[in-house]
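Inside the fold
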Amino acid sequence: MGGTARSPHPKPAAGAGAQRLLISNLYSCLLSPSGHGSPPRTRFGAGAQRWLSTKQGSTVCPGWDGGWGREGGEPTARGAGPLPALRGVRLPSAQPSELPPSYSVWMDIAHELPQLIASRQLRARIHQMPQLNTQHLRGREELHLAHLVLSFLTMGYVWQEGEEGTMKVLPCNLAVPFWEVSQTLGLPPILTHADFVLANWRRKDPSGPLEIENLEPIISLPGGESLRGFILVTLLVEKAALPGIKATIQAVHALRHLDDELLHRALQGLSAAIGDMDKALQQMHDYVDPAVFYTVIRIFLSGWRDNAAMPHGLLYEGVSEQPMAFSGGSAAQSSVLHAFDELLGIQHSQESTAFLHRMRDYMPPPHRAFIRDISRAPSLRQHILSSADPQLREAFNHCVTALADFRSHHIAIVSKYIAVAKAKAGQKEAGSIGKPPAALEAKGTGGSHIFIFLKSVRDSTREGLISA
Ligand code: HEM
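Remember, it's a predicted structure, so these values are computed and weren't measured experimentally.

**Observations concerning the overall build of the protein chain**
Each helix and strand in the protein chain was counted, giving 18 helices and four strands. Burial analysis of the protein chain (468 residues in total) assigns 60% to the buried set. Considering only contacts within the protein chain whose residues lie at least 6 apart along the sequence, 80% involve residues at least 24 apart. Split by element, the accessible area of the protein chain, about 17300 Å² in all, is 52% carbon and sulfur.

Here's what the structure looks like:
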């Protein structure tokens, strides 16, 4: 879709805090663009479609040592090409959960979102908001928090009345600041996985552990405890993936230096991490009620691309003269499995690859750059094939099997939370939204044909096994 985009205003400066705390994110190091610069910037030019095909330049963080301290004695890839050195990958102990006072009008509404949506007052409150200037946002943390807040406001605004009462226009007092913050961060102006999960958590007790009992989302939507569980269990899967991201970097380092001993250890670390992600995923059963997920939560993650409930997309008033189409939030936008697939050389079908690659456009640019760097590293697969070392092959195959198992268990969860929940929900009224969203019956919030896609991705993972 085309359209005349409003020219962006000067970008907010990244303050000193940006170096200390880049984003309320689990792999902060990977988000640091060369350590000290301002966030990368994208231009939407002739509209969303064009923006979505725009690729960022290299923004990874070689040699950045941004004050996090290091967790282990793992090697870095310093001097070994563009792959980010694994420095400072540690979980932040504190992160901003409030914007500066001049943005209190956004925060006040955001903190009341579930009630405002339930009482159908959100749209009226948003219409009364003044149009705030985003120039006073300082540093990456505030910008990401602003993106999180504005994306939640947008999803609530669009879906307040369910799929039968959607809005065609996002008013300029919300659309313009959301657009500006999105441009500065290189993110699309819609809720992404980075908003919903990666940036959306805080510790209740700041010195307490990163466990579910001590965590809460910063901003919520309808869905109560199930919404909380959905966000936090997904966060715990990301947390469990962290050693796998480290192992991925370690494996690339080992490949570059032809260090098979290190490679073997890295692959063992990777398969263990995927196993831990699998265990974390199972907590979905304990914390999320399928009926609440299906009938209440899911619609708020939906986008306005490939969605029959919003066939023409959304007009961002004051930004573009044409409506724009964006996919909704999905963990398919998490960089973790993309990175593992690239390392292991997993080849998905053309259609699945097209969808997954499109989801990369919904990641923070440094995540995209990280995945790209893994894809350009020496081929692990070729190395295993040519080395003919049975131990290496076995460790590699453990990773592939663990990944395929994770995907199988994910399919079981999707089946329970979407297919079975749909059958149970029927057409009965549920929650505050009314009918479950019909437009989402066959498609994911990201717009994929769910089960065909997920099974194809799982099966092509299995095909990545290397036989003796
Ligand atoms: C109730 C829980 C969940 C449901 C109902 C669910 C649903 C879905 C759906 C429908 C898709 C298809 C893509 C789309 O159109 O959105 C998908 C993809 C995906 N989901 Fe989930 N998901 C859940 C939890 C998770 C969690 C916790 C993770 C891990 C962080 C995850 C990771 C993925 C990935 C990586 C994909 C892309 C396909 C792949 O690489 O295998 N999902 N999910």
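Structure's up, so let's keep going.
**Thoughts on the coordination of the iron atom of the ligand**
In an ideal octahedron of six donors the angles at the metal are 90 or 180 degrees, and in an ideal tetrahedron of four donors they are 109.5 degrees. There is one protein donor for the iron atom of the ligand, namely H410 (NE2), at 2.1 Å. For H410, the location among the structural elements is in helix 17 (residues 390-425).

**Let's talk about the nonpolar core**
Buried together is how nonpolar side chains tend to be arranged in soluble globular proteins. In terms of nonpolar packing, the biggest core is built from 127 residues, with L153 and W304 touching the most fellow members. Here this core gets 17 residues from one element, more than from any other, and that element is helix 9 (residues 224-256).

**Overview of the pattern of salt bridges**
Across all of its chains, the model carries 13 salt bridges by this definition. Note that E161 and R120 form a salt bridge whose closest N and O atoms lie 3.0 Å from each other. Residue E161 is located in the loop between helix 6 (139-159) and strand 1 (169-170), and its partner R120 is located in the loop between helix 4 (113-118) and helix 5 (122-128); the two are separated by 41 residues in the primary sequence. Taking the relative accessible area as the measure of exposure, E161 reaches 31% and is therefore partly exposed. A relative accessible area of 35% means that R120 is categorised as partly exposed. E216 serves as the salt-bridge partner of R202, at 3.2 Å between the closest nitrogen and oxygen. Of this pair, R202 sits in strand 2 (residues 202-203) while E216 sits in strand 3 (residues 215-216), placing them 14 residues apart in sequence. One connected set of salt bridges, linked through shared partners, spans R305, D306 and R358.

**Describing the packing of aromatic side chains**
Applying the stated criterion to the full structure yields seven aromatic pairs. Between F355 and F453, the ring centres sit 4.8 Å apart and the planes meet at 70°, which makes this aromatic pair edge-to-face. Placement of F355 in helix 14 (residues 350-360) and of F453 in helix 18 (residues 450-462) is noted, with a sequence separation of 98 residues between them. Overall, the relative accessible area of 11% leaves F453 in the buried class. Among the aromatic residues, those joined into a ring-pair cluster are F152, F196, F230, F293 and Y417.

**Things to note about unusual backbone geometry**
Within the chain, R120 stands out as a residue other than glycine whose phi angle is a positive 60°. At A388, a position not held by glycine, the phi torsion is positive, near 55°. By secondary structure assignment, the location of A388 is in the loop between helix 16 (380-387) and helix 17.

**Thoughts on helix 15 (residues 365-376)**
Here helix 15 is twelve residues long and its end C-alpha atoms lie 17 Å apart, about the 16 Å a rise of 1.5 Å per residue gives. Taking burial as the measure, the twelve residues of helix 15 include ten buried ones, the bulk of the element. Looking at helix 15, one finds that the buried residues are P365, P366, H367, R368, A369, F370, I371, R372, D373 and I374.

**Side note on the UniProt feature "binding site: heme b" (unreviewed entry) in the protein chain**
According to UniProt, the positions carrying the feature "binding site: heme b" (unreviewed entry) are H410. For H410, a relative accessible area of 28% translates into the label partly exposed. Not counting residues within four places of it along the chain, the set of residues in contact with H410 comprises L281 and L454.

**Observations concerning the environment of V420**
Here V420 is to be found in helix 17. For V420 and Y294, which are 126 residues apart along the polypeptide, the C-alpha to C-alpha distance reads 9.5 Å.

**Considering helix 7 (residues 172-185)**
For helix 7, built from 14 residues, the straight-helix expectation of 20 Å at 1.5 Å per residue is met to within 8% by its first-to-last C-alpha distance of 19 Å. Burial analysis of helix 7 places 13 of its 14 residues in the buried class, which makes it a mostly covered element. One or two steps after helix 7, the chain reaches G186, where phi turns positive at roughly 75°.

**Details of the environment of M324**
Summarising the element assignment, M324 is placed in the loop between strand 4 (315-316) and helix 13 (335-344). Considered as a pair, M324 and P390 are 66 residues apart in the sequence and their alpha carbons are 52 Å apart.

**What to know about the packing of helix 16 against helix 17**
For the pair helix 16 and helix 17, the least separation of the axes is 8 Å and the interaxial angle reads 145°. For the crossing formed where helix 16 meets helix 17, the hand is left-handed. Taken together, the residues of helix 17 that come into contact with helix 16 (itself represented by L380, R381, H383, I384 and S387) are L392, R393 and F396.

**Focus: the side chain of N200**
Structurally, N200 is set in the loop between helix 8 (193-198) and strand 2. The class for N200 is buried, based on a relative accessible area of 0%. One polar contact links the side chain of N200 to the main-chain carbonyl oxygen of F196, over a distance of 3.3 Å. Not counting the four nearest positions on each side in its chain, N200 is found in contact with L148, F152, D195, E216, P217, I218, I219 and I231.

**Quick look at the environment of L227**
Tracing the chain through its elements places L227 in helix 9. Accessibility expressed as a relative area gives 1% for L227, which makes it buried. Between the alpha carbons of L227 and K424 there is a distance of 19 Å; along the sequence they are 197 residues apart. Filtering out sequence-adjacent residues up to four positions away, L227 remains in contact with F196, S220, L221, P222 and I297.

**Structural notes on the packing of helix 10 (residues 260-282) against helix 16**
Running from amino to carboxyl end, helix 10 crosses helix 16 at an angle of 120°, the nearest separation of the two axes being 13 Å. Classified by the interaxial angle, the pair formed by helix 10 and helix 16 is oblique. The chirality of how helix 10 crosses helix 16 is left-handed. Contacts between helix 10 and helix 16 involve D260, L263 and L267 on the former and, on the latter, L380, H383 and I384.

Calculation rules
- For every chain, the first residue of the written sequence is number 1, and numbering continues from 1 along that sequence.
- At least 70 in pLDDT is required for a residue's local features to be given in this predicted model, at least 80 for side-chain atom pairs to be given and counted, and no such filter applies to totals for whole chains, interfaces and linings, which use all residues.
- Hydrogens and water molecules were not included; the side-chain quantities draw on all heavy atoms of the structure.
- Labels follow the DSSP assignment, with helices taken as runs of H or I lasting at least four residues and strands as runs of E lasting at least two, numbered in each case from the N terminus.
- Burial here depends on accessible area, computed with a 1.4 Å probe over protein chains only, as a share of the maximum for the residue type. Under 20% is buried, over 50% is exposed, and the range in between is partly exposed.
- Contacts: residue pairs with any heavy atoms within 4.5 Å of one another.
- For every accessible area listed, the method is Shrake-Rupley and the probe measures 1.4 Å; residues are considered covered only by the protein chains on display.
- For Na, K and Ca the donor cutoff is 3.2 Å, while for all other metals N, O and S atoms must lie within 2.8 Å; water is not among the atoms, so some sites may look incomplete.
- Residue types Ala, Val, Leu, Ile, Met, Phe, Trp, Tyr and Cys, when buried and joined through side-chain atoms within 4.5 Å, form a set referred to as a nonpolar core.
- For this analysis, a salt bridge means a side-chain nitrogen from Lys or Arg found within 4 Å of a carboxyl oxygen belonging to Asp or Glu.
- Any pair of Phe, Tyr and Trp rings, taking the six-membered ring for Trp, is counted once the centres come within 6.5 Å. Such a pair is stacked with planes under 30 degrees apart, edge-to-face with planes over 60 apart, and tilted for the rest.
- In this scheme, a helix's expected span is set at 1.5 Å multiplied by one less than its residue total.
- UniProt positions are given in the numbering used here, feature names are shortened, and annotations may be inferred rather than shown by experiment.
- Axes here refer to lines fitted to C-alpha atoms; in helices the fit is confined to the stretch in contact. Angles between the N-to-C directions go from 0 to 180 degrees.
- Helix crossings get a hand from a simple test, with the near helix turned counterclockwise from the far one by less than a right angle marking a left-handed crossing and a clockwise turn marking a right-handed one.
- Any pair of N or O atoms that falls within 3.5 Å is considered a polar contact. Within protein, one atom must be able to donate a hydrogen and the other to accept it, and sequence-neighbouring residues count only if both atoms are side-chain atoms.
- Should an angle fall under 35 degrees it is taken as roughly parallel, and over 145 as roughly antiparallel, whereas 65 to 115 is taken as roughly perpendicular and any remaining angle as oblique.

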